[in-house]
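# Structural characterization, general
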Amino acid sequence: MSEKTHVDFWFDPICPFAWVTSRWVLEVEKVRDIEVAWHVMSLGVLNHGREGQSEEQRAKNALNWGPVRVLIAAAAKHGEGVLADLYTAMGEQLHLEQNKNLPDVVAKALAAVGLEPELAEAATGTDFDEALKASHNDGISRVGQDVGTPVIALNGTAFFGPVITRIPMGEEAGKLFDAAVTLASFPYFFEIKRSRTESPQFDLEAAGGKNVSMA
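Everything quoted here is computed from the prediction, not taken from an experiment. (Residues numbered from 1 in each chain as written. Predicted model: local features only at pLDDT ≥ 70, side-chain atom pairs only at ≥ 80, totals over all residues. Heavy atoms only, no water.)

## So, the overall build of the chain
What counts, and what does not: Strands are runs of DSSP state E lasting at least two residues, helices are runs of H or I lasting at least four, and both sets are numbered from the N terminus onward. Radius of gyration means the value over C-alpha atoms here, while the globule rule gives 2.2 Å times the residue count to the 0.38 power. For every residue, the accessible area obtained with a 1.4 Å probe (protein chains only) is divided by the maximum for its type, and the residue is called buried under 20%, exposed over 50%, and partly exposed between those limits. Pairs of residues are marked as contacts when any of their non-hydrogen atoms sit within 4.5 Å. All accessible-area figures derive from a Shrake-Rupley calculation using a 1.4 Å probe, and residue coverage is judged against the displayed protein chains alone. Positive charge is attributed to Lys and Arg, negative charge to Asp and Glu, and no charge count is given to His or to the chain ends. A charged residue contributes its charge at one atom only: NZ of Lys, CZ of Arg, CG of Asp or CD of Glu.
Of regular secondary structure, the chain possesses eight helices and six strands. When its helices and strands are written in sequence order, the chain yields β-α-β-α-α-α-α-α-α-β-β-α-β-β. Against the globule reference of 17 Å for 215 residues, the chain gives a C-alpha radius of gyration of 17 Å, in line with a compact fold. Taking the principal axes of its C-alpha atoms as reference, the chain extends roughly 45 × 40 × 35 Å. Among the 215 residues that make up the chain, the fraction classed as buried is 47%. Taking the contacts inside the chain whose residues are at least 6 apart along the sequence as the reference set, 72% of them involve residues at least 24 apart. Within the structure as shown, the chain displays about 11,400 Å² of accessible surface, and the carbon and sulfur contribution to it stands at 51%. Across the chain, the 19 positively charged side chains and the 30 negatively charged ones have centroids separated by 5 Å.

Below is the structure:
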């Protein structure tokens, strides 16, 4: 009998690439014996104070702290078990509905999973920033500061990515996962990379009945 593969997944709900990869992991759950732990990382934390940002980029970066603060607040109150469903609810608003109003995204996501609406207050406060940074640093410290989201660890071996633009289904999802686990088993393997030629595509079946491409 094969051993269960432990998957740790760090995400920022804002990121369309993390969304596609996370939906792949959910497909993998259907065809492989895995256990998944969801963790929050933050593009806001990652990009804070970086040189060369325009005023517009800094303003956008500041807004991006909102959803992840709410995720951390929800986990603090209800346990990390709420993260998967709340992430899904936020991601559906952001990536399927193309909702760009982050306070509205947060409010609708909390309502969708039955959590207290007052958790949305965390988005504009700093009470949960230390916990957010700790969760972020736990993931990013495993792969280095020069990458982004998602970060995935397979039985403890962490990588940035995999960066995929489509959501594999069924056994195709399983085969891609098997390949990732195999690569992770080599301690001297670090990266494979090529130029990306398409944007994330949220598959019709895997993305809840909507087909959306994000440039």
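## Notes on the environment of R69
Position of R69 relative to the elements: it lies in helix α4 (residues 65-78). Its relative accessible area of 11% is what places R69 among the buried residues. Spatially, the C-alpha atoms of R69 and G91 are 15 Å apart, while their sequence positions differ by 22 residues. When neighbours within four sequence positions are excluded, R69 is seen to be in contact with A122, A123, T124, G125, T126, F128, D129 and L132.

## What about the nonpolar core?
Spelled out, the test is: Definition of nonpolar core: a set of buried residues of the types Ala, Val, Leu, Ile, Met, Phe, Trp, Tyr and Cys, connected through side-chain atoms within 4.5 Å.
In this structure, W24, V25, W38, V40, L86 and M90 are the most contacted members of the largest nonpolar core, which totals 62 residues. Tallying contributions element by element places α4 first for this core, with eight residues. With sequence-adjacent residues up to four places away left out, V40 is seen in contact with W10, F11, V68, L71, I72, L83, L132, S135 and H136.

## Remarks on the sheet that holds strand β3 (residues 151-154)
The pairing of strands in a sheet comes from backbone hydrogen bonds and takes either a parallel or an antiparallel form. Cut-off, in case you're wondering: A pair of strands counts as paired when DSSP detects no fewer than two bridges linking them. Geometry is summarised by axes, namely lines fitted to C-alpha atoms with helices restricted to the contacting stretch, and by angles between N-to-C directions that run from 0 to 180 degrees.
Taken in spatial order, the four strands of this open sheet run β2-β1-β3-β4, and their pairing is mixed. Here the strands that pair on one side only, and so sit at the sheet edges, are β2 (34-40) and β4 (157-160). Mean inter-strand twist for the sheet, computed between neighbouring axes without regard to direction, equals 20 degrees.

## Digging into the packing of aromatic side chains
To be explicit about the condition: Between the rings of Phe, Tyr and Trp (Trp by its six-membered ring), a pair exists once the centres lie within 6.5 Å; its type follows the angle of the planes, with under 30 degrees stacked, over 60 edge-to-face, and the other angles tilted.
Counted under the stated rule, the structure contains eight aromatic pairs. Ring centres 6.3 Å apart and planes at 70 degrees place the aromatic pair F11 and W38 in the edge-to-face group. Of this pair, F11 sits in strand β1 (residues 5-11) while W38 is found in strand β2, placing the two residues 27 residues apart along the sequence. The residues F11 and W38 share a single accessibility class, namely buried. Centre to centre, the rings of W24 and F177 are 6.2 Å apart; their planes meet at 55 degrees, and the pair counts as tilted.

Worth remembering: the numbers are spatial, not functional.
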